[in-house]
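Descriptive analysis of the structure
Here's the letter readout for the chains.
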Amino acid sequence: MAWSKFFGLFPIYIFLLMKLCSAADPVVTYNFEVSYITASPLGVPQQVIAINGKFPGPTINVTTNDNVIVNVRNKLDENLLMHWSGIQQRRSSWQDGVLGTNCPIPPKWNWTYQFQVKDQIGSFFYFPSLHMQRASGGYGSFIINNRAVIPIPFDTPHGDIVVLIGDWFKRNHTALRKALDAGKELGMPDGVLINGKGPYQYNTTLVPDVFDYETIEVHPGKTYRLRVHNVGTSTSLNFRIQNHNLLLAESEGSYTVQQNYTSLDIHVGQSYSFLVTMDQNASSDYYIIASARFVNESRWKRVTGVGILRYTNSKGKAKGPLPEAPNDEFDKTFSMNQARSIRWNVSASGARPNPQGSFRYGSINVTEVYVLKNKAPVTIDGKKRTTLSGISFVNPSTPIRLADHFKVKGVYKLDFPTKPLTGPPKMETSVINGTYRGFMEVILQNNDTKMQSYHMSGYAVFVVGMDYGEWTENSRGTYNKWDGIARSTIQVYPGAWTAILVSLDNVGVWNLRTENLDSWYLGQETYVRVVNPEATNKTELPLPDNTLFCGALSKMQKPQDISFAASIMSDRSKLFFTPLLIAYAVLFIFR
């Protein structure tokens, strides 16, 4: 009871701390209780991961340079890490929430994340990063607003609307994981959810009348900013709204050249902002659609996600067939050309007053090149595995960044190949050794038959080229060296390549992975280790006071108690305020 009382009073302690601290940038706090609930998004009761009893979880809404504190209490029956996808964690990979940098939060434990959204704006999302858990939920939107002194490159919208889309299985993540461990495919999803809800009954022969569907109410004539995230397991989705144009404005922290689309392919892990003007008549509601791409459409019609856009003065239900997605099931050129059309707005200010394009990425000399090739799953030592360049990543029991800090030997190898291995595939903890302040070119070659999308933590990467076939040295002649979009998650089409450039100025150990959960779970990832040889606190923050220990360092872990609260201290004030905060805690618990 004492511990639950402290957890319930946690906001009071935060408030007291905020009153006492003199940090220049605001502090924003959230409490996340991560637990299982029973829900029926597709009409069948199943185990879902909720945050504070809700699925999807709450939106984190902050402003550039805010200090963000998220106290996470793990009420699952297995380990947990929360990952803040696209949040760059400048100088602090300790807060990234993936196994290469963090020990997991055990069941019944708390852990407090503390990070600054330094020099970032845009639309992102968070999710649990272990054990395929995202396939059961636990996700939510993460919005970073501009500071008031920095103009946005469009008129202020009437409102913000979050739209979380993703494929969904009636089996929970544990069952999906067991299928993969047994060497099986996940198979076709059972549906596509919009904000955690099933499809509107747009067709009585395809959709039974049992689903709670999403309804978004809007005012006629107003313009809204729709922040759309594909939080699914492995399916690319085409997003569209009946009779409405989608004016693309931002993607994962970068303002784009504003272009109208009738629909846009959004791949797993990607986020976009659209400006949508409610300029249609109100004779009826309108369909919001998220339908699977690059699949046999006749088999997938039943899994289309459908919600409702409702004007406040609407006169009736949505009607007619769904507006169709681009008809290029066997010709992916349309989708790739659409992706190439997304350009960086080089004249707009981002988180700072200078133009986004003032960083002339196309004129920087490349210092290192990695060609990362994935293939269809292979068998290694009798197990089905996925690979990057012939290596299937094995997560170490001691996180890489902790092993570095405490000089634990033999945890990983700095031998990730610059080109794909020519011999048999192997399972290794093999890491890319990035050069601090180097400029890395990464070519992602997809030799599988499935669409893939890749994410790199710690950075926004410049998407400079993509095409079908095998990448060669001559492919550089097609690169966009002026206004390629900067983002954290990029798609790689089947039988094609995508090239990215990244400036390695953020010290830490950073995850480079596929966002497709099945491929990620089976080993399609690595880490990029970026170390400043001078090892100063100016380029990396100190080890957090509340660091969890595991693996070779597990003897250092103390039983959890109220000392976890020390994690919310700023570096400048922690020594002074830690005893004070603990005194408040003891007073409230034991009085």
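The following paragraphs examine the structure supplied in this document. Fair warning: this is a prediction, and the values are worked out from it, not measured in the lab. (Residues numbered from 1 in each chain as written. Predicted model: local features only at pLDDT ≥ 70, side-chain atom pairs only at ≥ 80, totals over all residues. Heavy atoms only, no water.)

1. A short note on the overall build of the protein
When helices and strands are tallied, the protein shows eight helices and 33 strands. On C-alpha atoms alone, the protein measures out to a radius of gyration of 23 Å, which is about the 25 Å that the 2.2 N^0.38 rule sets for 591 residues. In terms of its C-alpha atoms, the protein occupies a principal-axis envelope of roughly 65 × 60 × 50 Å. Split into buried and exposed, the 591 residues of the protein put 60% on the buried side. In the protein, the share of contacts with a sequence separation of at least 24, taken over all contacts with a separation of at least 6, comes to 78%. Carbon and sulfur atoms provide 51% of the accessible area of the protein, an area that totals close to 23,600 Å². The centroid of the 58 positive side-chain charges in the protein is displaced by 4 Å from the centroid of its 47 negative side-chain charges. (Helix = DSSP H or I, 4+ residues; strand = E, 2+ residues; numbered from the N terminus. Rg over C-alpha atoms; globule rule 2.2 N^0.38 Å. Buried < 20%, exposed > 50% of the residue type's maximum accessible area, 1.4 Å probe, protein only. Contact = heavy atoms within 4.5 Å. Areas by Shrake-Rupley, 256 points an atom, 1.4 Å probe, with all protein chains shown as cover. Lys, Arg positive; Asp, Glu negative; His and termini not counted. Charge placed at Lys NZ, Arg CZ, Asp CG, Glu CD.)

2. Considering the pattern of salt bridges
One pass over the full model with this rule turns up 23 salt bridges. Here Glu185 and Lys450 are joined by a salt bridge, their closest N and O atoms 3.1 Å apart. Separated by 265 residues along the polypeptide, Glu185 in the loop between α3 (173–181) and β10 (191–194) and Lys450 in the loop between β26 (439–447) and β27 (452–456) bring together distant segments of the chain. On the accessibility criterion, Glu185 (47% relative accessible area) is partly exposed. We classify Lys450 as partly exposed; its relative accessible area is 40%. Asp404 serves as the salt-bridge partner of Arg529, at 2.6 Å between the closest nitrogen and oxygen. (Salt bridge = Lys/Arg side-chain N within 4 Å of Asp/Glu carboxyl O.)

3. With respect to the side chain of Asn71
By the secondary structure assignment, Asn71 is in strand β4 (residues 67–74). Residue class for Asn71 comes out buried when judged on its relative accessible area of 0%. For Asn71, the side chain forms a polar contact with the side chain of Thr112, separated by 2.8 Å. (Polar contact = N/O pair within 3.5 Å; in protein donor to acceptor, adjacent residues only side chain to side chain.)

4. Considering the sheet that holds strand β25 (residues 432–435)
Pairing is mixed in the open sheet, where five strands are placed in the order β25-β33-β32-β27-β30. Only two strands of the sheet have a single neighbouring strand rather than two, namely β25 and β30 (489–492). Averaged over all pairs of adjacent strands, the angle between strand axes in this sheet comes to 25 degrees, irrespective of strand direction. Bridging between strand β32 (residues 508–514) and strand β33 (residues 525–531) involves six bridges; their strand directions are antiparallel. Looking at β33, one finds that Leu512 is bridged to Thr526. (Pairing = 2+ DSSP bridges. Axes fitted to C-alpha atoms, helices over the stretch in contact; angles between N-to-C directions.)

5. Let's talk about the packing of aromatic side chains
As enumerated under the stated definition, the model contains 29 aromatic pairs in all. With centroids separated by 6.4 Å and ring planes inclined at 55 degrees, the aromatic side chains of Tyr479 and Trp497 adopt a geometry described as tilted. Pair noted here: Tyr479 is in the loop between β28 (461–468) and β29 (486–487) and Trp497 is in strand β31 (residues 496–503), with a separation of 18 residues, a long-range link. Accessibility expressed as a relative area gives 11% for Tyr479, which makes it buried. Between the NZ or CZ atom of Arg134 and the centre of the ring of Phe127, over which it lies, the distance is 4.5 Å. Positioned above the aromatic ring of Phe294, the side-chain terminus of Arg293 is 5.1 Å from the ring centre. (Phe/Tyr/Trp six-rings, centres within 6.5 Å; stacked < 30°, edge-to-face > 60°. Lys NZ or Arg CZ within 6 Å of the ring centre and 35° of its normal.)

6. A closer look at the pairing of strand β18 (residues 286–292)
Burial analysis of β18 places seven of its seven residues in the buried class, the great majority of the element. Side chains Tyr286, Ile288, Ala290 and Ala292 of β18 all project onto a buried face; the interleaved residues Tyr287, Ile289 and Ser291 project onto the opposite face, where all are buried too. Note that strand β13 (residues 237–241) and β18 share five bridges and pair antiparallel. Across the sheet, the residue bridging to Phe239 is Ala290, located in β18. With five bridges joining them, β18 and strand β19 (residues 305–311) adopt antiparallel strand pairing. Pairing of Ile289 across the sheet is with Val306, part of β19.

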